[in-house]
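# Secondary and tertiary structure notes
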Amino acid sequence: DAGVTQSPTHLIKTRGQHVTLRCSPISGHKSVSWYQQVLGQGPQFIFQYYEKEERGRGNFPDRFSARQFPNYSSELNVNALLLGDSALYLCASSLERSGYYGYTFGSGTRLTVV
Amino acid sequence: AQSVSQHNHHVILSEAASLELGCNYSYGGTVNLFWYVQYPGQHLQLLLKYFSGDPLVKGIKGFEAEFIKSKFSFNLRKPSVQWSDTAEYFCAVNARDNFNKFYFGSGTKLNVKP
């Protein structure tokens, strides 16, 4: 059974550009969450989507947006990139929202903004 | 706002030593608690979780954690560590009344010397 798949694995962008990160959840999982992990820190919650609707949002600026598609895959979009957006972006999927059955994490997308 | 504190950033132990990693959270309401582990080069994996019931929970690979409500703590323990336990450990919480948001601590790097 495939795990959570994220693409791309690495990318380099220039300040001011836009980036789209993609996540495919485990089959049957309806909830997808996004996290930002800066080096030396724990993951910081960005968004949770469940049944294609935004259910939770962390303390991130409006430059960050996301959506979930009918097949439950998800995209994270970041506009007007800043150097401080350089981080590992993690996607996690779960059967439902509370995490009772556990969140399964992907390996992440390493974003470098130069 | 919720926060999660892991006071030990880096722990070095010899094999067979006992392990206790501290985790404290700040939130006035009822929480669900988790410990995740990240082995070198791998993605985050669920070690154990507490939702309700017996405050002493057992997870995979011989790990356990005890929820002490009065101390807002959820410390992770293992009686005898192995070299293969070398990893980074993250404590995380979400609130029962708003489990759409998931908060992680900054992590503890455990290095087990053979």
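Data block above holds the structure.
These notes cover the structure that comes with them. Everything numeric in this text was worked out from a predicted model, so none of it was measured.

This paragraph deals with the side chain of Gln-37 of chain A. All names here are of chain A. The topology assignment puts Gln-37 in strand β4 (residues 31-37). Accessibility expressed as a relative area gives 8% for Gln-37, which makes it buried. There is a polar contact of 3.1 Å between the side chain of Gln-37 and the backbone oxygen of Gln-41.

This brings us to the interface of chain B and chain A. Between chain B and chain A, the contact holds 18 residues from the first and 21 residues from the second. Summed over both partners, the interface of chain B with chain A buries about 1,600 Å², with 59% contributed by carbon and sulfur atoms. Here chain B and chain A share 0 salt bridges between them. In this structure, the connection of chain B to chain A is made through 1 residue pair in polar contact (both at pLDDT 80 or more).

Let us now look at the state of the cysteines. Going through the model one piece at a time under the given rule, you end up with 2 disulfides over all chains. Covalent S-S linkage joins Cys-23 of chain A and Cys-91 of chain A, the inter-sulfur distance amounting to 1.8 Å. Linking Cys-23 of chain A and Cys-91 of chain A, the disulfide has an S-S dihedral of approximately -60° and is accordingly described as left-handed. Within this pair, whereas Cys-23 of chain A is found in strand β3 (residues 19-24), its partner Cys-91 of chain A is found in strand β9 (residues 87-94), the two being separated by 68 residues in sequence. A single burial state applies to Cys-23 of chain A and to Cys-91 of chain A, both of which are buried. Disulfide pairing places Cys-23 of chain B opposite Cys-91 of chain B at an S-S distance of 1.9 Å. What sets the handedness of the Cys-23 of chain B and Cys-91 of chain B disulfide is the S-S torsion sign, and at about -65° it is left-handed. One end of the pair, Cys-23 of chain B, is in the loop between β3 (19-21) and β4 (24-26); the other, Cys-91 of chain B, is in strand β10 (residues 87-95), with 68 residues separating them in the sequence. Among the residues examined, Cys-91 of chain B registers a relative accessible area of 0% and is labelled buried.

What counts and what doesn't
Residues numbered from 1 in each chain as written. Chains lettered and ligands numbered in written order. Predicted model: local features only at pLDDT ≥ 70, side-chain atom pairs only at ≥ 80, totals over all residues. Heavy atoms only, no water. Helix = DSSP H or I, 4+ residues; strand = E, 2+ residues; numbered from the N terminus. Buried < 20%, exposed > 50% of the residue type's maximum accessible area, 1.4 Å probe, protein only. Polar contact = N/O pair within 3.5 Å; in protein donor to acceptor, adjacent residues only side chain to side chain. Contact = heavy atoms within 4.5 Å. Buried area = accessible area lost by both parts, 1.4 Å probe. Salt bridge = Lys/Arg side-chain N within 4 Å of Asp/Glu carboxyl O. Disulfide = S-S within 2.5 Å.

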